[in-house]
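Structural features, examined
What follows is the residue order along each chain.
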Amino acid sequence: RKGLLFFVLQIAVAVAFASDNIVIAQILGPEAVTQYSVPMKMFSIVSIVLSMVLNPLWPAYGESIARGDLKWVKRTLYQSLIITFAVTTVGAIILTIFGVQLIHLWTGSQVTPAFLLLLGLGVWTVLSGCGNALAMFLNGANLLKFQVIMAVTMASTSIVVKITWANSIGISGIIWGTVCTYIAFTILPCLVFVPRFISNLSKE
């Protein structure tokens with residue numbers, strides 16, 4: 001059952017995030033894919049480094065919850081969110097401000113992303129980093145159904161929003177569609193559900 005839930009979760013995540021280039025190619029043309037994917041890869045460096053640090057927390061949360069050490073769980077979750085927010089914010093600000101220059105050094109002048117795109121990628125870097133920190137707790141607590149519901153809802157909604165905004169505001173609409181639907185269907189539900197879940201664990 002857990003394997004099936006993880007499978008559905010990964011499919012939903014792939015639809016939500018890996019479909020960007022397909023949407024861009026269909027609506028804005030193949031040339032726009034490069035204008036989007038290169039800045040995205042640059043910003044993803046921050047997320048990749050953070051994932052290497054956060055992933056070991058997954059089994060640690062599970063073990064601590066099984067032992068009933070909720071003080072460690074609360075403290076670690078809080079600290080991981082604060083550190084993740086701080087690191088991603090600093091990285092996002094640097095890449096947003098100097099993104100064009102860094103990309104020109106990396107690939108030449110063929111790719112010149114708009115500031116609205118860089119800003120969206122910066123906001124997404126912070127959100128996805130904090131979401132990853134939350135996901136380590138949710139995985140450790142075996143809250144897979146909750147994650148699947150969020151992911152499926154977010155994936156189905158984000159596709160519609162991305163297509164609509166890509167047609168109206170261009171390539172930047174793709175990342176802002178991701179940002180807005182992620183806030184609505186992942187971040188906000190977690191802010192409501194996670195504190196309640198931890199509180200209920202404390203009462204058991």
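Residues numbered from 1 in each chain as written. Predicted model: local features only at pLDDT ≥ 70, side-chain atom pairs only at ≥ 80, totals over all residues. Heavy atoms only, no water.

For the structure on display, the rule yields 3 salt bridges. Across the salt bridge formed by K162 and D20, the nearest N and O atoms sit 2.6 Å from each other. One end of the pair, K162, is in helix α7 (residues 144-169); the other, D20, is in helix α2 (residues 20-28), with 142 residues separating them in the sequence. The class for K162 is buried, based on a relative accessible area of 0%. Judged by its relative accessible area of 5%, D20 falls in the buried class. (Salt bridge = Lys/Arg side-chain N within 4 Å of Asp/Glu carboxyl O. Helix = DSSP H or I, 4+ residues; strand = E, 2+ residues; numbered from the N terminus. Buried < 20%, exposed > 50% of the residue type's maximum accessible area, 1.4 Å probe, protein only.)

Below, the discussion takes up the packing of α2 against helix α3 (residues 30-54). It is the contact of α2 with α3, at a shortest axis distance of 7 Å, that shows an interaxial angle of 140°. Compared by their axis directions, α2 and α3 come out oblique. For the pair α2 and α3, the sense of crossing is right-handed. Counted together, D20, N21, I24, A25 and L28 of α2 and P30, E31, A32, V33, Y36 and S37 of α3 form the full contact between these two elements. Considering only residue class, the contact of α2 with α3 consists of 7 nonpolar, 2 polar and 2 charged. (Axes fitted to C-alpha atoms, helices over the stretch in contact; angles between N-to-C directions. Parallel < 35°, antiparallel > 145°, perpendicular 65-115°, else oblique. Left-handed = near helix turned anticlockwise from the far one by under 90°. Contact = heavy atoms within 4.5 Å. Nonpolar A, V, L, I, M, F, W, Y, C, P; charged D, E, K, R; others polar.)

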